[in-house]
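# Fold and contact review
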Amino acid sequence: METDCTRDELPANGGVITPLPAGTRLLHIGPHKTGTTSIQGALFEAKDEMARYGVEWPATTRHPMEAVLAACARAGMLGDAAPTERHWERLLEQVRGTGRRTSVISSEFFADAPDDETIGRIVGQLGGDRVHVLVTLRPLARIMPSQWQQYVQNGLRMGYEDWLEHMLRKPPYEKPNPSFWRRHRHDRLVERWARVAGPERVTVVVVDDRDREGLMRTFEELLGLPAHLLRPVPDAANRSLTLAETEMLRNLNKEFRANELPEELYSQLVRNGAVMHMKNTCAPGPGDVKISTPRWAVEEAAEIGAEIAERIGGTGVRVLGDMRLLSETQKPATRTEAEPRIAPEAAAQALYGALAAAAAAPVRHTAAAKSRTVHQTSSKELVRVLGHRCLKRLRLR
C-alpha cells in the first residue's frame, strides 16, 4: 500500500486528563471495532446516574444507528429498511433538549461520513463549537479479523486471507469493502474531522487491550464523572464469531446469493434470525478455532500503524494513550492445521433462529403450493419459493 510518511516511533502521552468544559457535546465517532459497543452499553446503562452529574445521553437507545446512517447518507445493513432523515432529525431534537448541559453521542458510523461537507453539516447541527470529537483507535492487526467477520455478517462471501490480499495488496484497496479504509486509515479519518471541527476540538484515545476498562475510565475523566460510574454490560450479541461460525455463514451467503433471494430475507432470517440466536445462546468453547491473521498481514498492518501514528502526531489534536501501540507487531493467533468445525449445538441454534424468524408470519398454503410435495421439488427451487413466500409475509406485515 502507498504510504504518506516515514515510519517513526512516537513517545507515549501520559498525565492527568483535563475534563471537557461543561456544556460540551461529546461526539464519539468510533471507528468500528475500537470498543464502541462496550462504551455505548456502559453509557446507556448509566444514563440516569450520569444525569445527576450534569451529563446527558440524549438518544433513546444504546446506539442511534439509523439516525447516524441517515446523517452520513449511508445505506442501512443488507436487507434493512433504509434510514430516513427523520431518524436524524429526531436525534437532533433530543440533543437540543439537553440545553446547556453536557451530552454525549456515540456511533461508529459517524466514521463513514464521506466528505468535509457532510462532516460540517453534522458538527454544525449538533452545536458547532460546542462539539468535541472523540476518536478511539486500536492496532489494525486487532481490527482486521473482527471487521472481516462483521462484513461476513452483512453478506460478504470472500475468505479471510483473500480479503486481506485485496485490502492490503491490490490497489486501489477498495474491493470488496470500500468502507474499510475510510474507517480505518485512522490518520485520514482524524484529519477530516480536525479540518472541520478544528484540531483543538478533537481528542484521540489509543485503546490498550491489556486494560479492559481503561476506555471507560477515560470517558469518565473527560466527562467529569466519578470513577467507576461506568461499568461493563454483558452483551452476548456483540461477541465475535469463531472461524467455524464465520465460515458457515460465509458459505450460507454464497447459497443465498446464488439462489437470488431477496435482501430483506437476509436481514430477517440470517443476520437477525440465525446469527443473532446463535450468538445469544452459544458461547465459544476452548476448542473453537479463532480467526488467525497471517504473519505477512500483521507486519504490513504494523507498518501502516506507524504511518498513522506519525501523521496523527502532526495534526495538533490531543492524544491520550500510547501511540506506539498502533505500530506494534502483534503476535497472530496460533494457527492450526485442524479443520474448523462448527459445534452441533451452535448449528442447531442457528437453524432454530432462522426457523423462529420465519415462523413469525405463518404461511397460507395455496392450491399451487399443495400440488407438489417437498421431496418432489429441487432444493434450489424450494429455497427460492420459501424465500419469496417469507418476503411476501414480511411485506404484508
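None of these values were measured; they are calculated from a predicted model.

Right, let's talk about the sheet that holds strand β6 (residues 318-320) for a bit. Pairing in this open sheet of 6 strands is parallel, and the strands run β2-β3-β1-β4-β5-β6 from one edge to the other. Looking along the sheet, the strands with just one partner apiece sit at the ends: β2 (55-56) and β6. Bridge count for β2 against strand β3 (residues 102-106) is 2 bridges, and the pairing is parallel. Across the sheet, the residue bridging to glutamate 56 is serine 103, located in β3. Along the sheet face, helix α9 (residues 186-197) touches β1 (25-28), β4 (131-137) and β5 (202-206) and points at about 175° away from the line of β4.

Time to look at the confidence of the model for the protein chain. Low-pLDDT stretches of the model should not have their predicted coordinates read in fine detail. Looking at the protein chain as a whole, the pLDDT averages 86, with 83% of positions reaching at least 70. Under a pLDDT of 50 for its full length, residues 1-14 has, in the predicted model, 35 contacts with residues more than four places off or in other chains.

Close approach of charged atoms lets side chains of opposite charge pair. Under the definition given, this model contains 23 salt bridges. Of the charged contacts in the structure, one is a salt bridge between glutamate 56 and arginine 101, with a shortest N-O distance of 2.7 Å. Remark: arginine 101 occurs in the loop between α4 (85-96) and β3 and glutamate 56 occurs in strand β2; sequence separation between them is 45 residues. Through salt bridges with shared partners, a single network forms among Arg185, Asp187, Glu191, Glu307 and Arg311.

One finds Trp88, Ile122, Trp163, Trp193, Phe219 and Leu230 to be the most contacted residues of the largest nonpolar core, which totals 107 residues. Dropping the residues within four chain positions of it, isoleucine 122 is found in contact with Leu27, Ala71, Cys72, Trp88, Phe110, Ala113 and Trp193.

This brings us to the packing of helix α7 (residues 160-169) against helix α13 (residues 295-313). Packing of α7 against α13 brings their axes to within 11 Å, and their N-to-C directions diverge by 30°. Between α7 and α13, the interaxial angle falls into the category roughly parallel. Seen from above, α7 lies across α13 with left-handed handedness. The residues of α13 that touch α7, namely those facing Leu164, Glu165, Leu168 and Arg169, are Trp296, Ala297, Glu300 and Ile304. Of the residues in the contact of α7 with α13, the class split is 5 nonpolar, no polar and 3 charged.

Conventions and cut-offs
- Residues numbered from 1 in each chain as written.
- Predicted model: local features only at pLDDT ≥ 70, side-chain atom pairs only at ≥ 80, totals over all residues.
- Heavy atoms only, no water.
- Pairing = 2+ DSSP bridges.
- Helix = DSSP H or I, 4+ residues; strand = E, 2+ residues; numbered from the N terminus.
- Contact = heavy atoms within 4.5 Å.
- Axes fitted to C-alpha atoms, helices over the stretch in contact; angles between N-to-C directions.
- pLDDT = per-residue confidence, 0-100.
- Salt bridge = Lys/Arg side-chain N within 4 Å of Asp/Glu carboxyl O.
- Core = buried A, V, L, I, M, F, W, Y, C linked by side-chain atoms within 4.5 Å.
- Buried < 20%, exposed > 50% of the residue type's maximum accessible area, 1.4 Å probe, protein only.
- Parallel < 35°, antiparallel > 145°, perpendicular 65-115°, else oblique.
- Left-handed = near helix turned anticlockwise from the far one by under 90°.
- Nonpolar A, V, L, I, M, F, W, Y, C, P; charged D, E, K, R; others polar.

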